[in-house]
Amino acid sequence: SIRYSYAYMFKTKRGPEDRIFDNRQVQIRDFYNLSLAKLVSAYALRYKPTAVEPKIKVGKSIYNINFDDYPQLKQQKIEQLLSSYNLNFSGLRSINRRDGFGSEFVVVLPQVKDDIGEGRNKYIIDPINFSYKNGINPNIHQARYLAATLTAQPKSASNVNDILNNAEFEIKAFDPYKYEQVKLAGKIYPLAANFSTPYGLWLAQNNLGKAAYLTLIDRDDHLTMPHLYMLEPYNPNKKIIVLVHGLASSPEAWIRLTNDIMGDPVLREHYQVWQVFYSTNMPIIESRFQIYALLTQAFTQVDTKASAKKDAVLVGHSMGGIIARLLVSDADVTKKALAMMNNRQLNKYQKLPIISQRLVMKVIPNFSRAIFLAAPHKGTDYADRWFTKAARKIIRIPGAFLSAIGDTLQNQDLDFKDLMQQIDNGLIQNGPSDLSHQSKFMELTKDINPRKGLTFHSIMGNVTGSDDLNVITDDVVPYRSAHLNGAVSEKIIKGGHSIQETPEAVLELRRILRLHLVQLGLYKP
């Protein structure tokens, strides 16, 4: 099928440009694309190689795979080449693809093993100064599922008979983010692409939604430390969007937005998405510190001269919105926090490095814009209703975190019982308890605003049908808590707390992201 369809499209007397709108032409192109997908898939099923081999041999036919147009894969071991035609995902409401020539695939790279070297459940109290193996935090994950488009053409063939019977074929792999066109038989054609299936496969393989609930009740120690996932190969020329989810949630909360970015040619060309995944049962101030360290380390890996180094956009929903605000703020709440302790404790804790690291908040300078969605910046009474109070009693601070702090305090000749007393007194609480408008965390942080000069936006939901700002709520977070003075724009959308999933919110986010490009001079509408 590959040989015959190629011969029909490129070796018949009528030129391709004369047949471009023929129904038969489109059918033959689809035969070509599908037969290439079948060839690669069938070969893998028959021989079950442990890695993708550079040559496919079927009978007398030889197909060499060439990665010259996908430099990232040239020296890279590839675990699988999966045809996008065979992949369907229940969570994706639409598949963003580009019609054209070539067969759409997902490249699966080998899983990078956890190389911290001190156990997968270890909690690292000081991630900024920790000596990671090879100097790289293993919780920063490069893209493992990549979009690729394959074409097949004869290496050399002067006539139709050679194409059908003798010619050795070459399978070329293209990065569809980098290439929009392909040259075949001396002519330029649009290159097909599927941008959604690598993302869908990443979601399906990691099962992040289930992991989010397990970590909330401390049943998955592996995710006690936050993780950062890059959804496409790092591109130094693209601006970075960082997404931070909310309570009992995961990167699955951003499916609509992420998929829309991939489907919008302007946003796809100018942005790359990084997803943060963290345990939401942790004290929020601890999550903020750990995510600060993670993002700082990730941006350190970016070349100083790269466009990706600056003007990144930070987006947070709910609890993630609070964390996002504190990541772009400069604040020292040490005196305020220590004043909540008695004098004996004050003398012990005020010079302890692990305390000062968390209470002195420094801005991440790589961000120049932030977007907060349904964020309870001043807390919510929803956290104090009888059913949420009952849930808060079940949710525990991760044992790995408490053990790590206990070990650190012992090294400083401090009593772990003092720490446990602070937990009992509410200074150190789990994440859901911190969300209460009466919590000590809110008392410490509610008046902290983003740094001067940072552009930020607010989006919130309204289920009341009222226009009264004192009444508006998304049924979890009231307007008065989600509102921040100084926002460049504030959008109130009809809907509940998961407002980021609504089409109206996605449209507003896309508007802001395009505006960001316009103001940076990178895009002209």
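Throughout, residues of each chain are indexed from 1 in the direction in which the sequence is written. Reporting in this predicted model follows two pLDDT cut-offs: at least 70 for local features of residues, and 80 or more for side-chain atom pairs to be given and counted; totals over whole chains, interfaces and linings ignore these cut-offs and use all residues. Side-chain numbers come from the whole structure's heavy atoms, not from hydrogens or water.

As for the pairing of strand β5 (residues 103–108)
Within β5, 6 of the 6 residues are buried, which leaves it mostly tucked inside the rest of the structure. We call a residue buried when its accessible area falls under 20% of the maximum for its residue type, exposed when it is over 50%, and partly exposed in between, using a 1.4 Å probe and counting protein chains only. Here a helix means four or more residues in a row that DSSP labels H or I, a strand means two or more in a row labelled E, and each is numbered from the N terminus. Because side chains alternate across β5, one face comprises the buried residues Ser103, Phe105 and Val107, and the other comprises Glu104, Val106 and Val108, equally buried. Here, a strand pair is defined by DSSP locating no fewer than two bridges between the strands. Alignment of strand β3 (residues 80–83) against β5, held across 4 bridges, turns out to be antiparallel. Residue pairing for β5: Leu82 is matched across the bridge by Val106. Bridge count for β5 against strand β7 (residues 145–154) is 6 bridges, and the pairing is antiparallel. Bridging across to β7, Glu104 finds its partner in Thr149.

Quick look at the pattern of salt bridges
When a carboxyl oxygen of Asp or Glu lies within 4 Å of a side-chain nitrogen of Lys or Arg, that pair is called a salt bridge. Tallying each qualifying case throughout the model produces 14 salt bridges. When the shortest N-O distance is used, the salt bridge between Asp99 and Arg29 registers 3.3 Å. Placement of the pair is Asp99 in the loop between β4 (97–98) and β5 and Arg29 in helix α3 (residues 23–47), with a sequence separation of 70 residues. A salt bridge links Glu286 to Arg358; the nearest nitrogen and oxygen atoms lie 2.4 Å apart. Of the two residues, Glu286 sits in helix α9 (residues 284–300) while Arg358 sits in helix α13 (residues 353–359), which places them 72 residues apart along the sequence. For the residue pair Glu286 and Arg358, the accessibility class agrees, reading buried in each case. Each of the salt bridges in this network shares a partner with another, and the network as a whole consists of Arg29, Asp30, Arg97, Asp99 and Glu104.

Digging into the sheet that holds β5
With mixed pairing, 6 strands are arranged side by side in an open sheet as β1-β2-β8-β7-β5-β3. Looking at which strands have only one partner, the edges of the open sheet turn out to be β1 (55–58) and β3. The mean angle between the axes of side-by-side strands here comes to 30 degrees, regardless of whether they run parallel or antiparallel. With 4 bridges joining them, strand β2 (residues 61–66) and strand β8 (residues 169–174) adopt parallel strand pairing. Note that in β8 the partner of Asn66 across the bridge is Lys172. In this fold helix α1 (residues 2–11) packs onto β2, β7 and β8, with an angle of close to 70 degrees to the strand it touches most, β7. What makes two residues a contact is simply this: any of their non-hydrogen atoms within 4.5 Å. Every angle, taken between N-to-C directions, lies between 0 and 180 degrees, and every axis is a line fitted to C-alpha atoms, over only the stretch in contact when it is a helix. Packed on one face of the sheet, helix α5 (residues 196–206) meets β3, β5 and β7 and runs near 130 degrees to β7.

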